[in-house]
Amino acid sequence: GTFTGGQIALTVDGLKPDAEKLIMGLPTAGTDGWTAYDDDQAVPYVGFGFIARYMEDGATTYVPYVLAKCVFNEIETSAATSEDNVNFQTQSLSAQILRAEDTKHSWKFVGAAVSTEALAETALRKKLGLTA
C-alpha cells in the first residue's frame, strides 16, 4: 500500500490561544477582545510535529516526526465548575492526515535519532520552518 489518509487524536491539558487561532484559522479578535468562530474562519492545512522517546541499548534517544499536511477538526471543549476546588479540564483534538502537494506526495518525515530532547526539538522546529 499507498498511504491515503489517517487521523490524529490527542489530548492536551490546555491549548494556548495563539495555537488555537493558528490551527483553527480564526480571525483577529474584535475590538471588544472576543474572537468569533464564524464565516471568517478559514481552517488551514498545517504541518504537525512530535518527538518520540525510545530506549536503545540502554540509552535514551529522541526521534522527531513531522506529518506534512494535516487539517484540524473543531476542538472539543468542556468545562466543569465546583465550589472551592479547581477542576482542570483537558481538550481533545483531532485532525486528518493528508498527502502533501509536493512532487512525491509526502505525508510523513522521520528525523535522525538524537541524544537529547532539545536536539530533537531543534530539528523539528527547523523542519516545520519555525526557525531561521
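Look up: the structure comes first, before these words.
Basis of the calculations
- Residues numbered from 1 in each chain as written.
- Predicted model: local features only at pLDDT ≥ 70, side-chain atom pairs only at ≥ 80, totals over all residues.
- Heavy atoms only, no water.
- 1 Å grid on protein atoms, 1.4 Å probe; cavity = no way out; pocket = protein on both sides within 12 Å on 5 of 7 lines; lining within 4 Å.
- Points joined across faces, edges and corners; volume = space filled by probe spheres on them.
- Helix = DSSP H or I, 4+ residues; strand = E, 2+ residues; numbered from the N terminus.
- Buried < 20%, exposed > 50% of the residue type's maximum accessible area, 1.4 Å probe, protein only.
- Arc of directions from axis to C-beta.

Caption draft 1: Representation of the layout of surface pockets in the model. Put simply, the largest pocket is a space of about 740 Å³. Of all the elements in the fold, those that place two or more residues in the lining of the largest pocket are strand S1 (6–12), helix H1 (17–24), strand S2 (46–56) and helix H2 (117–127). At six residues, S2 tops the list of elements feeding residues into the lining of the largest pocket.

Caption draft 2: Representation of H1 in the model. Every buried residue belonging to H1 is among Glu20, Ile23 and Met24, and all of these are buried. The buried side chains of H1 occupy one side of the element, clustering within an arc of 90° when seen end-on. Across H1 from its buried face, at more than 90 degrees, point the exposed residues Asp18 and Leu22. Trailing H1 by a residue or two, Gly25 shows a phi angle of about 60°, which is positive.

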